[in-house]
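# Secondary and tertiary structure notes
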Amino acid sequence: MEKEYTPQIIGFLCTWCSYTGADLAGVSRLQIPPSIRVIRLMCSGRIDPLFVTKAFISGSDGVMMMGCHPGDCHYQKGNYYTRRRYKTINSVFESLHLDTERIFLSWVSASEGVKYAHVTKEFSDKITGLGPNPVKKEIFL
Amino acid sequence: MSDVLKIKKPVEEGITEFLKFLLEKNKVKGIFTLRKAGKTDSFSYSLITDVEEIKNAAPLTPIMPANAGQLLSSFTLEDAIKEPIAVVIRPCELRAFVELTKRTQANMENIYLISSTCAGVFPLKSAQNGKFSQLLPKYWEAAKKSEVLASLRPTCTACEHFVPALADITISVVGNKNLTEECSLHLNTSKGEELAQGAPGNKTTEKLNDKELAQLKELRLKEREKLFASVNDKNLGLAGLVKTFAPCLSCHGCRQVCPICFCTLCDFDSKTHEDTASHYQSELNQKGGARVPSGTIFFHTGRMIHMAVSCVNCGMCSDVCPADIPVATLFSMVGESLQKLFDYLPGRDLEEPAPSETFIENEFAGLGE
Amino acid sequence: MTATENIKIEKPPKGASIPAKEGIKKAILGVFKKALETEALDAIMIPVKVPETESYAWVLLKDTTLLENADPLPPVMTIQGGKVLSDLTKHGKINKNIAAVLRPCETRAAVELFKLKQLHFENITLISIDCPGAIPLSEYLAEPEKSKKSFDNVLDKWDGDDAVRKVCQICYRFSLPTLTNAPASDLHIGLSGNTKDDVLLIPVTPKGEKILERLDLKADSSLQKWETKIKEIKKIKSQRRKKFNHDFKANISGPEKFTAVFDGCINCHNCQSVCPICYCQQCYFDSATTKLSSEDYFRRAKERGALRFPLDTILFHLGRMSHMALSCVSCGACEDACPMSISVSQVFSLVGEQTQQAFNYTPGINREESLALQDYLEDEFCEVETPSECEPTNSNEVKENV
Ligand code: SF4
Ligand code: SF4
Ligand code: SF4
Ligand code: SF4
Ligand code: SF4
């Protein structure tokens, strides 16, 4: 079946910065990898770590968490918690020898359309290199 | 240096006598401690209010039918205790109690905390064949000599936090050569001093036996390495996790007895995580097969993400697991890394906020840039 | 309400006989494989051994290579199959033609859950199988090789079964009546003798018949030999049950003895969470309703001098019993999951039997029968109201006829 492998990547984006940044990238006609599926949230602080874990276990090849830069959160401090949650997921995955590289955190502001295009491409390329998430074939989850 | 009350009795008798004194002299209105429950080898935590009942107290019996932190949470969840009580609990139970108090699931008001330098407990299984009492002489021997007994709960053999952090009174057990002759109660706080005032026995000043404690710590750390290697030698990863949790019944007993999992309805038991028929059918289409019920690995990793940073290594989860999965070892292992990451030790300090409830502005600088 | 076990068979049913030279399990799996290949079935829900382990997990499969590790009758009961089928069908319609392969007590649990609206049978073909019992889970996990041997032995001889769990030793519903007018499963797999003897596929409902049809199997073999054999074993097991329950009852009757059974209980509620009949998302006994104020704790301690924690262990067991004993299928899942080795299922099975007899109700034996508590007769239980004027509604004797 594998001719050209396009990964499936889920991105959780806050509406104020990253989603707007992604929008800007689109309006500026920058190339965004077709592998990215975006879910918009009011704040990156709304990204329940279980969303990320569930996406991973349900077969996403990569999961992105994106929000405003630290200090710029629309709700003052939501993204500081996001950062800790990312670190928590990362550490748990690391201890269990699960693929930490498939989970990714990036701060993208509303004006950083270029950065959005850049990091999504980089992440998508990395995931393409890693190949499909092995959970896709695992039955006994 | 702290004041020490010495009672000329074997340690368990001594502490029982002390508890009796507390109740008799009305220093407290109740004693929360392990107590014989009905038939041989059954022990349960109890709130004793009648002096007569003290004779059934078994405060240092090396068994943990439930993490006392969880029980004290149920006791104090609705409101603080109005009348003073003394509790005799183990260090990991005390740490769980502190964690729960931080999360407003428990209240420490009016509670005198008595704990011990802890030599560990036996698995619950060892109290089911009527031979539990035969284990005890060896237990006390090992405690005296600061040795690790292999038959203890696995997490106990690998526990480095066996000296209680916040106890008002610490019973000296580990490496205490005199424990069959005398009971030493270290009075760590003014509350502890207050309790011991007028108690039978002699007062001296003394330090805890640091050397012996350090010796046990060293041994336990070695065991810890071995224990973690035992779950890791499947190298985990997805395949290893699948194998480890292959026999899991999804009974969620591990979560039910975990003192840190205090949610009345766990997210993983809620409707949110009950999969639909269409989910199973799409799994079937994609993979040719699907485990039913789904979500075994998700539950365990998710629970780790929720609470492992506060895991107190008590071992309850492993002990109730009907599928003999080394749940506690895994949670301790994952928990240890998380605790290092956030420079956090569950239950060492009531004022230290749980990592998920706080942040430092300039931590993890550069991440996500 | 009628006791299904007393319903007369209209026409003597027949079964399709499958040779089992290489053992019954291979024969059965061969049929399933063919069913998947010919699309008589789209998928099968069956226990499958997890690769590189000794553990079984329930898998809904259509890939026939997965069938290689499947076992229609594994030596242990992992998760109760009725509960698993409920997990699969509880939320939404199944569009595919799926078969679930369950032990009799699992089948009966599925039927009870169906009546409780926690499971549906739309597009589901229920396949039940004669069952010699299951090895206690902890024993199996500790010594899988030895357990497998003793299980195979039990399966071969249908005897000498102290290797299996206590509830299995005294289970006289190890087979299911194949009554077309009172169905539990759609297709029943009859094991008439030792592990090399022919396997009988007995269609019970049109769904079951259809599968045989699609597989080109003719139900033309007489069931007589099988029925005789089942009756024989049933008789032995019923007697054993009667004797066991008689003794056991004496050991647990009265408040003190009953309490003593649960002395070691640590209130983990494993028994409840694995019980197929306890389907509540949140058990009442885990809910906020049961939380007390600290003063209540104190008051209760002072009444007795000491208060055991956690509270109300006995109330939990009695409460659970009153909630679900009428539907208890004696599957033993609760006891397998008890970390304190308490004889939970023996107690529940005994109490269940007595309650069920009072209502002349056998859980899960007939899909068309309503739940005992969803039904009433206007003139029943007069002995409760005016004891002097009447005979008891139902007799308290164990019914042993098929
Ligand atoms: S207690 Fe054991 S069997 Fe039950 S959910 Fe936890 S790991 Fe699984
Ligand atoms: S996860 Fe297990 S070892 Fe850790 S606190 Fe909970 S019950 Fe204790
Ligand atoms: S796993 Fe999470 S949601 Fe469930 S009880 Fe534990 S902390 Fe609460
Ligand atoms: S109470 Fe026990 S034996 Fe009865 S149905 Fe539930 S799990 Fe099975
Ligand atoms: S499983 Fe056993 S210990 Fe747990 S609540 Fe039930 S009877 Fe008690």
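Residues numbered from 1 in each chain as written. Chains lettered and ligands numbered in written order. Predicted model: local features only at pLDDT ≥ 70, side-chain atom pairs only at ≥ 80, totals over all residues. Heavy atoms only, no water.

### Comments concerning the pattern of salt bridges
Residues and elements named next belong to chain C. Inspection of every chain in the model, using the stated rule, returns 49 salt bridges over all chains. Residues Lys148 and Glu54 are paired through a salt bridge, measuring 2.9 Å at the closest nitrogen-oxygen approach. With Lys148 in helix 5 (residues 144-157) and Glu54 in the loop between strand 2 (43-49) and strand 3 (56-61), this pair connects stretches of sequence that are 94 residues apart. Overall, the relative accessible area of 19% leaves Lys148 in the buried class. Assessed through its relative accessible area of 26%, Glu54 is described here as partly exposed. Among the ionic pairs, Asp186 bridges to Arg367, the shortest N-O distance being 3.2 Å. (Salt bridge = Lys/Arg side-chain N within 4 Å of Asp/Glu carboxyl O. Helix = DSSP H or I, 4+ residues; strand = E, 2+ residues; numbered from the N terminus. Buried < 20%, exposed > 50% of the residue type's maximum accessible area, 1.4 Å probe, protein only.)

### Description of helix 4 (residues 132-144) of chain B
All names here are of chain B. Over its 13 residues, helix 4 runs 19 Å from end to end, which matches the ideal 18 Å to within 8%, given 1.5 Å per residue. Buried residues along helix 4 sit in contact with helix 1 (11-24) and strand 3 (43-48). Immediately beyond the C-terminal end of helix 4, within one or two residues, lies Ser146, with a positive phi of roughly 55°. (Expected span 1.5 Å × (residues − 1). Contact = heavy atoms within 4.5 Å.)

### A word on the site of ligand 4
Residue and element names in this part refer to chain C. For ligand 4, the set of nearby residues contains 14 residues, the closest of which are Cys275, Cys328, Cys331, Gly332 and Cys334. Those elements that place two or more of their residues in the shell around ligand 4 are helix 12 (313-324), helix 13 (333-337) and helix 14 (344-358). Tallied by class, the residues present in the shell around ligand 4 amount to 10 nonpolar, three polar and one charged. (Near = heavy atom within 4 Å. Nonpolar A, V, L, I, M, F, W, Y, C, P; charged D, E, K, R; others polar.)

### A closer look at helix 12 of chain C
Its 12 residues place the ends of helix 12 of chain C 17 Å apart at the C-alpha level, agreeing with the 16 Å of an ideal helix rising 1.5 Å per residue. For helix 12 of chain C, the set of buried residues is C:Thr313, C:Phe316, C:His317, C:Gly319, C:Arg320, C:Met321 and C:Met324.

### A word on the interface of chain B and chain C
Facing the 64 residues of chain B at the interface are 64 residues of chain C. For the pair chain B and chain C, the number of links is four salt bridges. Here C:Glu295 and B:Lys82 are joined by a salt bridge, their closest N and O atoms 3.1 Å apart. Seen at the junction of chain B and chain C, the total is 31 residue pairs in polar contact (both at pLDDT 80 or more). When contributions to the side of chain B that touches chain C are tallied by element, the ones reaching two or more residues are strand 2 (30-36), strand 3, helix 2 (68-76), helix 8 (237-244), helix 9 (253-257), helix 10 (277-287), strand 9 (289-291) and helix 12 (316-320) of chain B. Looking at side-chain class alone, the side of chain B that touches chain C contains 30 nonpolar, 17 polar and 17 charged residues. In this sheet, strand 3 of chain C lies alongside strand 9 of chain B in antiparallel orientation, the contact comprising three bridges. By the bridge assignment for strand 3 of chain C, B:Gly289 is matched with C:Leu61. (Polar contact = N/O pair within 3.5 Å; in protein donor to acceptor, adjacent residues only side chain to side chain. Pairing = 2+ DSSP bridges.)

### Examining the interface of chain A and chain B
With 34 residues of chain A at the interface, the matching set in chain B holds 44 residues. With both sides pooled, the region where chain A packs onto chain B buries about 3600 Å², and carbon together with sulfur makes up 66% of that total. Our count for the chain A to chain B interface comes out at one salt bridge. A salt bridge links B:Glu363 to A:Arg84; its shortest N-O distance comes to 2.9 Å. In this assembly, chain A and chain B are joined by 19 residue pairs in polar contact (both at pLDDT 80 or more). Sorting the residues of the side of chain A that touches chain B by element identifies helix 2 (49-57), helix 3 (78-95) and strand 4 (103-107) of chain A as the ones contributing at least two each. In terms of residue count, the dominant contributor to the side of chain A that touches chain B is helix 3 of chain A (11 residues). Classifying every residue of the side of chain A that touches chain B by side-chain character gives 18 nonpolar, seven polar and nine charged. (Buried area = accessible area lost by both parts, 1.4 Å probe.)

### Describing the domain arrangement of chain C
Residues and elements named next belong to chain C. Splitting chain C by domain gives domain 1 (4-241) and domain 2 (253-389). Each side of the interface is counted separately: domain 1 has 33 residues, and domain 2 has 30 residues. Summing both sides of the interface, domain 1 and domain 2 together bury roughly 2800 Å²; the carbon and sulfur share of this comes to 51%. The interface formed by domain 1 and domain 2 holds three salt bridges in total. For the pair domain 1 and domain 2, the interface holds 17 residue pairs in polar contact (both at pLDDT 80 or more). For the side of domain 1 that touches domain 2, the secondary-structure elements that each account for two or more residues are helix 3 (104-115) and helix 6 (166-169). Of all the elements, helix 3 adds the most residues to the side of domain 1 that touches domain 2, at eight residues. Of the residues that constitute the side of domain 1 that touches domain 2, the class distribution is 18 nonpolar, five polar and 10 charged. (Domains from an automatic or database assignment.)

### Concerning the sheet that holds strand 7 (residues 183-187) of chain B
Paired through backbone hydrogen bonds, the strands of a sheet run either parallel or antiparallel to each other. The nine strands are arranged 8(B)-1(B)-7(B)-6(B)-5(B)-4(B)-2(B)-3(B)-8(C) in an open sheet whose pairing can be described as mixed. Here the strands that pair on one side only, and so sit at the sheet edges, are strand 8 (202-206) of chain B together with strand 8 (306-308) of chain C. Averaged over neighbouring strand pairs, the angle between their axes works out to 30° when direction is ignored. Bridge count between strand 5 (residues 111-116) of chain B and strand 6 (residues 169-171) of chain B: three bridges; the pairing is parallel. Across the sheet, residue B:Ser116 finds its bridge partner in strand 6 of chain B, namely B:Ile171. (Axes fitted to C-alpha atoms, helices over the stretch in contact; angles between N-to-C directions.)

### Some remarks on the domain arrangement of chain B
Residue and element names in this part refer to chain B. Its domain assignment divides chain B into domain 1 (2-221) and domain 2 (234-357). When each unit is reduced to the centre of its C-alpha atoms, the spacing between domain 1 and domain 2 is 29 Å. Contact with domain 1, which involves 28 residues of that partner, is made by 28 residues of domain 2. Summed over both sides, the interface of domain 1 with domain 2 buries roughly 2300 Å², with 56% coming from carbon and sulfur. It is Arg95, Lys102 and Arg103 in domain 1 that bury the most area against domain 2; as a group they hold 27% of the surface buried on that side.

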